[in-house]
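Residue-level structure breakdown
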Amino acid sequence: MVGSTMAIRSKMASPAAIQFSSLSRRSLSTRSQFQALRSTQSLRSSGLSQRPARRAYSDVAPAPKPRKRFRFLRWTWRLTLLASVGMVGTLAYSIYDSRHPIEQIEPDPTKKTLVILGTGWGSVSLLKKLDTENYNVVVISPRNYFLFTPLLPSCTTGLVEHRSIMEPIRNILRLKKAHVKFYEAEATKIDYEKRVVYISDDSEIKGDISHTEVPFDMLVVGVGAENATFGIKGVKEHSCFLKEVGDAQKIRKRIMDCVETAMFKDQTPDEVKRLLHMVVVGGGPTGVEFAGELQDFFEDDLKKWIPEIQENFHVTLVEALPNVLPMFSKQLIDYTESTFKEEAITIRTKTMVKNVTDKYIEAEITKPDGSKETEIIPYGLLVWATGNAVRPVVRDLMGQISAQKNSRRGLAVNEYLVVNGTENVWAVGDCAVTNYAPTAQVAGQEGAFLARLFNTMAETDAIEKELERLSVAQAEAKNEEDRNQIFDKIREHQKQLRRTKQIGPFQYSHQGSLAYIGKERAVADISWLSGNIASGGTMTYLFWRSAYLSMCFSSRNRVLVAVDWVKAKLFGRDVSRE
């Protein structure tokens with residue numbers, strides 16, 4: 001029975017066993033072939049076998065190595081995230097630091113009094129880097145803020161709010177180590193012989209004293225310049241200038257006044273065309289940027305909300321020279337003119353204004369053949385952006401100094417920015433006559449140079465006083481050892497004195513010129529190594545924005561300007577009058 005059962009099981013199991021045996025043999029054959037293939041590959045790699053081995057059907061390819069995918073993108077993302085965290089941290093710290101000023105040192109009556117006139121680019125750059133512990137510093141200005149003038153054209157159309165480009169001067173002075181006095185007043189006269197500045201309080205609310213005087217040991221004149229009218233009749237009475245915050249606000253109201261008046265009932269077609277004709281006189285960066293901003297305002301917002309003005313709104317740029325932006329390269333001038341042509345902005349070059357009335361200007365036009373003719377150009381808004389003129393307080397000071405009798409455009413200064421004919425008066429910015437153009441970039445570098453100069457002068461005075469003290473101590477020394485120790489200190493201070501006196505004259509480093517030309521385009525003439533890079537277009541516009549954002553005085557200004565740009569992009573500019 002058992003034997004039969006075993007026989008039955010053997011018969012039942014025989015097909016499976018046969019199949020398993022076949023598979024085992026096949027697997028062994030595959031292993032042997034794989035081992036043979038590996039042996040052949042090893043022999044080939046060692047140079048012992050030169051004959052190629054025949055691959056069997058059952059050969060197995062080696063497993064591929066894991067590829068390092070997107071490693072560059074991963075590291076780029078990590079670096080971007082790290083940089084963003086660092087920027088946010090730096091911004092947060094700067095805001096906290098500006099909101100928590102330290103206790104200041106009180107003025108020392110034994111130190112010299114340094115009076116600084118103005119709160120423009122030159123004066124504020126000087127204050128920013130000046131060590132106020134070395135002097136009793138007094139700042140006098142009719143405005144108690146610093147204005148970032150390159151973005152002033154953007155304020156005229158509401159792209160940027162005017163308070164976003166204003167930095168209160170008190171914020172700047174409060175962060176200095178030593179206390180700085182500030183008087184919101186206008187300097188009416190500088191008496192060089194008496195070393196006195198006469199000031200006047202022109203505010204609406206005046207105290208018992210509205211006129212007084214401030215004595216000085218050292219004086220820095222940084223009062224800027226007035227708008228140049230070239231003696232043309234009617235310019236002051238009927239034009240809008242673009243130098244101060246009030247000018248931008250006036251232009252903004254005037255634009256909407258012209259638009260709303262043109263839409264008034266029963267206006268004649270000629271009057272509508274006149275009211276909607278915006279004329280800009282001056283083809284420099286200020287005039288070009290304002291013309292571009294105004295055309296953007298029309299294209300993006302005005303014609304959307306007031307479509308009736310679309311056929312008559314027009315911007316004209318008037319320039320007496322043969323082309324606009326004379327400080328830029330010919331390539332960028334041509335690009336600007338072609339862009340203005342695309343934007344339908346008319347450029348009238350070789351056109352000199354001779355007379356201005358409340359409704360039109362009389363201009364003398366030079367034709368290509370050299371002949372001249374007079375043309376009447378009606379306008380609704382006239383913006384005058386042509387140049388600078390000397391302020392009365394500067395002109396009065398020039399009359400007191402014989403070395404300034406031949407100067408016409410401002411205070412002539414030497415290579416150390418000392419006013420010619422004086423010993424303790426310096427001038428910076430538009431009121432100083434140098435070999436450089438009167439721009440914000442030049443004024444900023446002049447102020448920084450004076451800060452280094454004054455810091456060096458204070459350090460030199462301190463070293464000289466210490467040398468005098470050591471000389472007396474050496475003469476009174478009781479033994480040779482003490483005299484030798486004092487002599488070593490004297491030699492060390494003399495070396496330090498020679499190093500501090502090695503400051504050179506002022507040298508301007510041109511970083512380039514930028515101008516916005518509308519339609520989200522800009523032109524840039526940037527100094528690079530030993531040459532210039534000229535570029536224009538949308539990418540240059542992005543560079544223009546980033547450059548101006550980085551040039552803003554404080555983190556507060558940068559945040560406010562960036563928010564204004566985003567707000568205008570999302571919701572458009574405000575078309576209300578106020």
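Identification of the protein chain as NADH:ubiquinone reductase (non-electrogenic) from Aspergillus rambellii is taken from an unreviewed UniProt entry. Quoted verbatim from the Sequence similarities (unreviewed entry) heading of the UniProt record, the comment on the protein chain is "Belongs to the NADH dehydrogenase family."

Val221, Leu450 and Phe454 are the most contacted members of the largest nonpolar core, which totals 123 residues. Two domains each donate at least three residues to this core, and these are domain 1 (99-223 + 392-430 + 436-452) and domain 2 (240-389 + 509-571). Excluding residues that lie within four positions of it along the chain, Phe454 makes contacts with Leu114, Leu126, Leu130, Tyr135, Met218, Val220 and Trp426. One finds Val279, Val356, Tyr379 and Trp384 within the second-largest nonpolar core, a separate group that totals 14 residues.

Within the secondary structure, Asp191 is located in strand β6 (residues 186-191). Despite its burial, Asp191 pairs with no opposite charge, the nearest such side chain being Lys194 at 4.3 Å. In this structure Asp191 touches Val196, Tyr198, Phe216 and Gln400, once residues within four positions along its chain are discounted.

Moving on: the pairing of strand β12 (residues 314-318). Within β12, four of the five residues are buried, which leaves it mostly tucked inside the rest of the structure. As defined by bridge partners, strand β11 (residues 277-281) adjoins β12 across five bridges and the pair is classed as parallel. Bridging across to β12, Met278 finds its partner in Val315. With helix α9 (residues 285-305) bridging β11 and its parallel neighbour β12, the resulting β-α-β unit is right-handed. The pairing of β12 with strand β13 (residues 346-348) spans three bridges and is parallel.

Looking now at the pattern of salt bridges. What the rule picks out here adds up to 20 salt bridges. For the salt bridge of Lys567 with Asp564, the shortest nitrogen-to-oxygen distance reads 3.7 Å. Taken as a pair, Lys567 and Asp564 lie in helix α15 (residues 555-571) at a separation of three residues, close to a single helical turn. Given a relative accessible area of 39%, Lys567 falls into the partly exposed group. Classification of Asp564 as buried rests on a relative accessible area of 6%. In this structure, a network of salt bridges that share partners links the residues Asp300, Asp301 and Arg573.

Reading across the sheet, the three strands line up as β6-β7-β8 and stay open at both edges, with antiparallel pairing between neighbours. At either margin of the open sheet sits one strand with a lone partner, and together these are β6 and β8 (211-215). With direction set aside, neighbouring strand axes in the sheet form an average angle of 25°. Judged from the five bridges that link them, strand β7 (residues 196-200) and β8 form a sheet pairing that is antiparallel. What sits directly across from Val197, in β8, is Val214.

What counts and how
- Residues numbered from 1 in each chain as written.
- Predicted model: local features only at pLDDT ≥ 70, side-chain atom pairs only at ≥ 80, totals over all residues.
- Heavy atoms only, no water.
- UniProt positions renumbered as here; feature names shortened; annotations may be inferred.
- Core = buried A, V, L, I, M, F, W, Y, C linked by side-chain atoms within 4.5 Å.
- Buried < 20%, exposed > 50% of the residue type's maximum accessible area, 1.4 Å probe, protein only.
- Domains from an automatic or database assignment.
- Contact = heavy atoms within 4.5 Å.
- Helix = DSSP H or I, 4+ residues; strand = E, 2+ residues; numbered from the N terminus.
- Lys, Arg positive; Asp, Glu negative; His and termini not counted.
- Salt bridge = Lys/Arg side-chain N within 4 Å of Asp/Glu carboxyl O.
- Pairing = 2+ DSSP bridges.
- Right-handed = clockwise from strand over helix to strand, strands pointing away.
- Axes fitted to C-alpha atoms, helices over the stretch in contact; angles between N-to-C directions.

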